[in-house]
Amino acid sequence: KELQMEAKIKELILKELKVDITEQSRKREIIEARALYFYLVRKIYTKRSLQSIASDFDMNHATVVHSLKNFPVYENYNSKILDCKNLILKLLILKD
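Sequence positions are assigned chain by chain, starting from 1 and proceeding in written order. For a predicted model such as this one, the threshold for reporting local features is a pLDDT of at least 70, and the threshold for listing and counting side-chain atom pairs is 80 or more; totals across whole chains, interfaces and linings nevertheless cover every residue. Only heavy atoms go into the side-chain values, all of them from the structure, while hydrogens and water stay out.

The term salt bridge refers to a pairing of a side-chain nitrogen on Lys or Arg with a carboxyl oxygen on Asp or Glu at a separation within 4 Å. The final tally for this structure, using the stated rule, is five salt bridges. Residue Arg48 is joined to Glu6 by a salt bridge in which the shortest nitrogen-to-oxygen separation is 2.5 Å. Placement of the pair is Arg48 in the loop between α2 (28-44) and α3 (50-55) and Glu6 in helix α1 (residues 2-17), with a sequence separation of 42 residues. Working definition: with a 1.4 Å probe on protein chains only, accessible area under 20% of the residue-type maximum means buried, over 50% means exposed, and in between means partly exposed. For Arg48, a relative accessible area of 12% gives the class buried. For Glu32, the salt bridge goes to Arg28, with nearest N and O atoms at 3.2 Å. Linking Glu32 with Arg28, this pair stays in helix α2, spanning four residues, or about one helical turn. A cluster of three or more residues bridged by salt bridges with shared partners is formed by Glu6, Arg48 and Asp56. Runs of H or I in DSSP of at least four residues are treated as helices and runs of E of at least two as strands, each being numbered from the N terminus.

Written as structure tokens, this is what we have:
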């Protein structure tokens, strides 16, 4: 069930932001969208370790820490990220 939810989050981010977060890239849009994914997974699965979240993308736990630390900046300056976050949270809460 956890994997299905994470796949659904990735799918919703792809649909809403039109960004493939699995792509290995440092483009701003991808970094911000990936940070949104990290934020949502961390918020929904609070017990999940940072390393296990990072391993979804073949990354280091420090990448997740850095993304989570910068996420408030991304949502402040990119309203699409904020809107997408609110939409996904609303969709996921309604389905549970």
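Further remarks concern α1. An expected span of 1.5 Å times one less than the residue number is assigned to each helix. When the terminal C-alpha atoms of α1 are compared, their 22 Å separation across 16 residues agrees well with the 22 Å that a helix rising 1.5 Å per residue should span. Every buried residue of α1 is listed here: Met5, Glu6, Ile9, Leu12, Ile13 and Leu17. Summarising the axial view, the buried residues of α1 lie within an arc of 120°, below the 170-degree limit, and thus occupy one face. Of the exposed residues in α1, the ones pointing more than 90 degrees away from its buried face are Leu3, Gln4 and Lys15. Within this analysis, the arc is defined by the directions that extend from the helix axis to the C-beta atoms.

Attention shifts here to the side chain of Ser67. By the element assignment, Ser67 lies in helix α4 (residues 61-77). Residue classification places Ser67 among the buried residues on the basis of a relative accessible area of 6%.

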